[in-house]
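# Report on the structure
One letter stands for each residue in the lines below.
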Amino acid sequence: MSDPLKKELFWFALLLVLLVLSGCSSSDSGPEVAVFIEGGRVTSPGSSLVVTVPEGLSVSEEEVLSLYRAALEVPGCSTADGTAVDLILLDTCLLFDRFYLFRELVPTQLDGFSSARDYVDGLRLRDPFALYLPSETFGGSLSFLAGERATVGFQFSLDEGSVSDLNPLIISNILPLSRAWFDGLQVGDRILGLDGTPLAGLSLEEVRALFPALEGQASLFSIEREGLFLDIATGAEENIGLLMGVTSDIGYLRVRQFTTLTGQRVFQDYDALVQQAGGSLDKLILDLRGNGGGSLAGSLVLSDFLIDQDLPAGTNPILTSDGSIHSNAVDYLGEFSTRNLAAPGPSNFVVLLNGNSASASEVAAAALRDYEVATLMGATSFGKGISQNVFTLVDGAGVFIPSHHLLPPSGISYHQSGIVPDILLETAPVSPQFDAQLQAAINFLETGTMPLTKGTPAPQKSLEPLDPWLEKQLREYY
Amino acid sequence: MTRKIVPSVCPYDCPESCGLLLEVEKDRVLSVTGDPQHPHSRGRLCAKMLHYERTVHSPERLRTPLLRTGAKGEGRFRPIGWDEAALRIAVRWKGIMAEHGAESILPYSYAGTMGLIQRNAGHAFFHRLGASRLLRTICTPAKEAAWSAIMGNTAAPHPDAVLKSDLIILWGINAAATSIQYLHRVKEARRRGARVWLIDTYAHATAAAADEVFLVRPGSDGALALGMMHVLVRDALVDREFIEEHVQGFDELRDQVLDDYPPARASELTGLPIETIERMARAYGSVKGSMIRVGGGITRQGNGAMTVRSIAALPALTGAWLHEGGGCFFGTSTGAAFAMAELTREDFMQKPTRIINMNQLGDALGKDDDCSVRSLYVYHSNPAAVAPDQNAVIEGLLREDLFCVVHERFMTDTARYADIVLPATSSPEHSDLYRAYGSYCIQRGRAAIAPVGQSRSNRQVFSLLAGAMGFEDAFFRQSDDELIDHLLSIPSPLREGIDTAALGEGKAVELRVAPPGVPFATPSGKIEILNPVHREPLLRYIPPHGGALPFSLMTAPSPWSLNASFYERPELRELQGGMSLLMNPEDAAGKGCCEGQRVQVFNELGEVDFMLRISEKIPRGMLVSEGLWWMTQSLSGRGINALTSQRLTDEGQGSTFCDCRVDVRVMKQVEQ
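Residues numbered from 1 in each chain as written. Chains lettered and ligands numbered in written order. Predicted model: local features only at pLDDT ≥ 70, side-chain atom pairs only at ≥ 80, totals over all residues. Heavy atoms only, no water.

This part takes up the overall build of chain A. If you tally the helices and strands in chain A, you get 12 helices and 22 strands. Looking at chain A as a whole, 57% of its 478 residues are labelled buried. Looking at chain A alone, contacts between residues at least 24 apart form 71% of all its contacts between residues at least 6 apart. For chain A, the accessible surface area stands at approximately 18,400 Å², while carbon and sulfur atoms represent 52% of it. (Helix = DSSP H or I, 4+ residues; strand = E, 2+ residues; numbered from the N terminus. Buried < 20%, exposed > 50% of the residue type's maximum accessible area, 1.4 Å probe, protein only. Contact = heavy atoms within 4.5 Å. Areas by Shrake-Rupley, 256 points an atom, 1.4 Å probe, with all protein chains shown as cover.)

Next comes the structure, spelled out in structure tokens:
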């Protein structure tokens, strides 16, 4: 993902565990020195720091002063040759100085950086989790994290610039069991229009604005597929709960993304499944494949629900690198811990992971394993064991600042290495037509066996309920 | 939304018509299981239907009507609405009818769905239109003609009869692919002590169910039957008493026919050793409870009807028919259970219109004269893939002046050549009434989910087209369920005593059919080995069409597909392992080909590429390709039917797919 704003953008926000902080970082006001604001330039007689306020920026004088004074305390937030520093860049520099986990990467001076974006993009060369988002994009990701903006069950690729014949919007990946998957979108489909609006000429942001914004909201996609022009009615993702298995006694919960509302939604889905199953549900699959994270709080509520014990302080899944409990976890422990499920145990509870399960998903998966609640199956997860704090800059843009390591209860970091599941199903391809990993999880819960291990043939060859004799003959013959 | 279990029926063209239980939620079939209470299938399903939901909700399903925007066959379309589609069709047809007459319009369908209502949905419409009629003889009319010639209207034994057999002969049938419920009974009988033989042209998967496998040359089965009869008579292994009372023409057979088929001649024709034929005859003659199950491919030869008529004479000689587990099973006939004329409405025809044989579609489309076909309407069939002489069919479909409409669930080979493509429902999306040709079960299936996308059932489309054409007959305005109710309101002796309440609830019920026995349902009351009114009154060996090329190509069924159906399912395609050709190791060595190599099979009709698989199970001189791959999935853009001919069977005007001579050449490796 070299530049997420141009490629594969739609899921970018899923890679975040975050805590949204407000406004600028100037909470303490700095030393009382004389500061002058004149013609958009901010100076102080006792300092070489010159700050320019962009024209048209809506910002109070008080805020500007506060930022300037804070910067006087931070050598890195100045220039060696005395060239003027953009106010937004200064705001960014101050935030990174204060919250950034990888301080060694922070530039010693601001020379050569013309903007906040420049500054963060420089860091991104070494740290993919540092991120700058312009204001128009940033607002959307905030509402997404708050559960106000839904995702679709596919990724698409688009080169820089607007949609055109030479720069088509093409579906690059479909999540199994997503609504798009059920409704028949395919990898390679070229999206031409949405709800009757042609996409040609629109920018990525304009396209995104047309996508269904609420969970479960319907939308009509006009696509071209191998020369065919098709209209496919599909819509935004919703978490789903289904009963599966030969006797419909396995509850399947798929959580596609974590928002602050995820916990409550899963409670509802779970209760509905228990009711459908006739009052009790002994087996469970939690599908976190393709879940790139989102709100840490959502993940914590879910973990706590599934782990049938109070999380003792200091051993909970959100221990941070300095040994303290993550600030978000305090809220979580205090406010969200409302329900506990009688844990079905690792022989009756499978969590499915894959390489796109990241961040908040990994927090949940690692905790469920370390507390011996669930068996993890699937592929090694993405490996994002850090959390980002999210800040709104004075101009409304946003920065995502990696600020803590997250450690699972075992204390062993999975950052970069990913979580290796108990049962690896890496050789099992997932196609829109057949979800071999899910089938393996069902088999595991029904028979206690592990139908797939590394190197075994893909389970497309599985004919399980077929007449065993005939199956044997066909296997031998073909 | 609650989840429910809905009984249904497998709609595909297979003798078994297995009972399904659909797990349905929110207009989606979540899973499919076999109905354990189904009298015939008893919960078992084949590998294809175990995941029928993957077909129903396949991402490949067509969802809107489409109008061609590219060249014919290019597959470029744009979506249009149903009203526009109907209007365009009606305008074109009215123009064609005014200029060339309605008979220049030809419907083409077969058994993509077996339900009576949807399968026959177009008959009334096209009769009313005055279109040409299609002679639907692509499957096994030769078998039906043969049965009728010797057994008249005698009913087939109940499929369970085989459980009481002592010797079961699976003759020309890969039951593991085409009749799994019957095969299950065969296995059960074998467990109880029955011996099982397989007689076929290659040792396919069903060989595993047999104690002995006898491989004969394609098209020579009739000679084997005559050779066995020769031995039975010579060695006095016939049931004189049974013959005396219940067989017509035994003396003529003995005196005028069998002398020509001593084991040596039968050996020469079939390739089986003389001793083997002698041994087979003696073993067959020594038991009463012998059951012969005849397949379909065996009849798709130039001599198909006479072949199976000769086979059907065997139990007449041993008197096996008097034994509970004895006789011969060609398939059940349940047509009389329903008043089919109420569906097909021949009375809508103003005058008898011309009839075109569906096996000769290539010729029909190739005609360029006053009576050429100007419009083709294809529904639940894929003639570009399934009709013989594919190159001729494609040439016809490419004609710019042919207005072609295809109503389908998927973008099939044929649909790609259409001017207008209409999306069709799958069986859980519409109501229908089902009967079987491998059992005596009937079942009513009700729509379980809403149509996928904008798809419509066959009847809904003909109702729409009837409106667009201005047909005011009330018939076209009935709903599917009203029509089913009407059919069920007309009594039939076959349906007497059935549990109508269970039928109404969607459960399978069995027709009460008396088992075959004396007197037989023929004009003489006897089995008519001599049929005096037939143009071939007695049995004889007729050679197949054959040809000069060195190999016989067997276009065989695969367990992972059914004709050209199920090719939308990637996991089934993968199980089939691609479009491959099976060849004997010595033949392969002789041609200098090796396993996995791309080879080209060719004859005077076409050239088709395959991946070569070398197998001991294929006799020398034979080539086998299982399955019926779409052109779009083939190696060279042509399927196996580019090699098969439009020639017909000796009787019944049936197809002769298995009567196909070819040669093989090795494909040069192309530098990548």
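Structure shown, so let's carry the discussion forward.
Moving on to the sheet that holds strand 5 (residues 85-86) of chain A. Residues and elements named next belong to chain A. Strand order in this open sheet of 4 strands is 2-3-4-5, and the pairing throughout is mixed. The sheet terminates laterally at strand 2 (36-38) and strand 5, the two strands that pair on one side only. Sheet analysis places strand 3 (residues 41-43) next to strand 4 (residues 51-52), joined by 2 bridges and oriented antiparallel. Within strand 4, the position partnered with Val42 by the bridge is Val51. (Pairing = 2+ DSSP bridges.)

On to unusual backbone geometry, then. Residues and elements named next belong to chain B. Following Val518, the chain continues to Pro519 via a peptide bond in cis, the omega torsion being -10°. One can find Pro519 in the loop between strand 20 (509-510) and strand 21 (527-528). Phi at Lys26 is positive, roughly 50°, even though this residue is not glycine. Looking at the secondary structure, you find Lys26 in the loop between strand 2 (19-25) and strand 3 (28-34).

Our focus in this paragraph is the interface of chain B and chain A. On the side of chain A, 32 residues touch chain B, which itself brings 42 residues to the contact. Both sides together, the interface formed by chain B and chain A hides about 3,500 Å², and carbon and sulfur atoms give 58% of it. Run the count over chain B and chain A and you get 0 salt bridges. For the pair chain B and chain A, the interface holds 3 residue pairs in polar contact (both at pLDDT 80 or more). (Buried area = accessible area lost by both parts, 1.4 Å probe. Salt bridge = Lys/Arg side-chain N within 4 Å of Asp/Glu carboxyl O. Polar contact = N/O pair within 3.5 Å; in protein donor to acceptor, adjacent residues only side chain to side chain.)

Residue and element names in this part refer to chain B. If you trace the 3 strands from one edge of the open sheet to the other, you get 18-19-20, paired in antiparallel fashion. Edge strands, defined here as strands with exactly one partner in the open sheet, are strand 18 (432-435) and strand 20. Two elements, strand 18 and strand 19 (residues 441-445), share 4 bridges in a ladder whose sense is antiparallel. Residue pairing across strands places Leu433 opposite Arg444, the latter belonging to strand 19.

Residues and elements named next belong to chain A. A full pass over the atoms with the stated rule returns 1 disulfide over all chains. Linked covalently through their sulfurs, Cys77 and Cys93 form a disulfide whose S-S length is 2.3 Å. The chirality of the disulfide connecting Cys77 with Cys93 is left-handed, given an S-S dihedral of about -95°. On the criterion of sequence distance, the pair formed by Cys77 in the loop between helix 1 (61-72) and strand 5 and Cys93 in helix 2 (residues 87-99) is long-range, its members being 16 residues apart. Exposure class is identical for Cys77 and Cys93. Each is buried. (Disulfide = S-S within 2.5 Å.)

We now examine the pattern of salt bridges. Evaluation of the coordinates by the stated rule reveals 46 salt bridges over all chains. The network of salt bridges with shared partners includes Arg68, Lys72, Glu400 and Asp419 of chain B.

Our focus in this paragraph is the packing of aromatic side chains. Residues and elements named next belong to chain B. Scanning the model with the defined rule gives 36 aromatic pairs over all chains in all. With a centroid separation of 6.3 Å and an interplanar angle of 80°, the aromatic rings of Phe125 and Phe476 are classed as edge-to-face. On the criterion of sequence distance, the pair formed by Phe125 in helix 4 (residues 121-129) and Phe476 in the loop between helix 18 (458-469) and helix 19 (480-489) is long-range, its members being 351 residues apart. Judged on exposure class, the residue Phe125 and its partner Phe476 are both buried. On the basis of an interplanar angle of 55° and a centroid distance of 5.3 Å, the ring pair of Tyr377 and Phe462 is categorised as tilted. Within this pair, whereas Tyr377 is found in strand 15 (residues 375-379), its partner Phe462 is found in helix 18, the two being separated by 85 residues in sequence. Neither residue differs from the other here; Tyr377 and Phe462 are each classed as buried. These aromatic residues form a ring-pair network of at least three members: Trp93, Phe125, Phe126, Phe348, Tyr377, Tyr379, Phe462, Phe471, Phe475 and Phe476. In this structure, Arg459 packs its charged tip against the face of Phe475, placed 5.8 Å from the ring centre. (Phe/Tyr/Trp six-rings, centres within 6.5 Å; stacked < 30°, edge-to-face > 60°. Lys NZ or Arg CZ within 6 Å of the ring centre and 35° of its normal.)

Counting residues in each nonpolar core, the largest one holds 108 residues, and the members touching the most others are Trp93, Phe125, Phe126 and Tyr377 of chain B. For Phe126 of chain B, the contacting residues outside a window of four places in its chain are Trp93, Ile105, Pro107, Ala131, Tyr377, Tyr379 and Phe462 of chain B. Counting 85 residues, the second-largest nonpolar core is a separate cluster that includes Leu228 of chain A together with Tyr110, Leu365 and Ile640 of chain B. (Core = buried A, V, L, I, M, F, W, Y, C linked by side-chain atoms within 4.5 Å.)

All names here are of chain B. The first and last C-alpha atoms of helix 2 (residues 82-100) sit 26 Å apart over 19 residues, in line with the 27 Å expected at 1.5 Å per residue. Every buried residue belonging to helix 2 is among Trp82, Ala85, Ala86, Ile89, Ala90, Trp93 and Ile96, and all of these are buried. One face of helix 2 carries all of its buried residues, which in axial projection span an arc of 135°. Residues of helix 2 that are exposed and angled more than 90 degrees away from the buried face: Asp83, Leu87, Val91, Ala98 and Glu99. Considering only its buried residues, helix 2 is in contact with strand 6 (105-108), helix 4, strand 15, strand 16 (403-408), strand 17 (420-423) and helix 18. Residue Gly101 follows helix 2 closely and has a positive phi angle near 90°. (Expected span 1.5 Å × (residues − 1). Arc of directions from axis to C-beta.)

Residue and element names in this part refer to chain B. Two numbers describe how helix 8 (residues 221-234) lies on helix 11 (residues 263-270): the axes approach to 9 Å, and their chain directions differ by 165°. Comparing their axes, helix 11 and helix 8 come out roughly antiparallel. Here helix 8 runs over helix 11; the crossing is left-handed. Where helix 8 abuts helix 11, its residues Ala223, Leu224, Gly227, His230, Val231 and Arg234 lie against Pro263, Ala266, Leu269 and Thr270. Along the lines of polarity and charge, the residues of the contact of helix 8 with helix 11 split into 6 nonpolar, 3 polar and 1 charged. (Axes fitted to C-alpha atoms, helices over the stretch in contact; angles between N-to-C directions. Parallel < 35°, antiparallel > 145°, perpendicular 65-115°, else oblique. Left-handed = near helix turned anticlockwise from the far one by under 90°. Nonpolar A, V, L, I, M, F, W, Y, C, P; charged D, E, K, R; others polar.)

On to the confidence of the model for chain A. Residue and element names in this part refer to chain A. On average, residues of chain A score 76 in pLDDT, and 77% of them are at 70 or above. Within chain A, the lowest mean pLDDT, 41, falls on strand 1 (residues 17-21), and the highest, 93, falls on strand 18 (residues 349-353). Under a pLDDT of 50 for its full length, residues 330-336 has, in the predicted model, 12 contacts with residues more than four places off or in other chains. Contacts of residues 451-465 to residues separated by more than four positions or lying in other chains number 40 contacts, the stretch itself having pLDDT below 50. (pLDDT = per-residue confidence, 0-100.)

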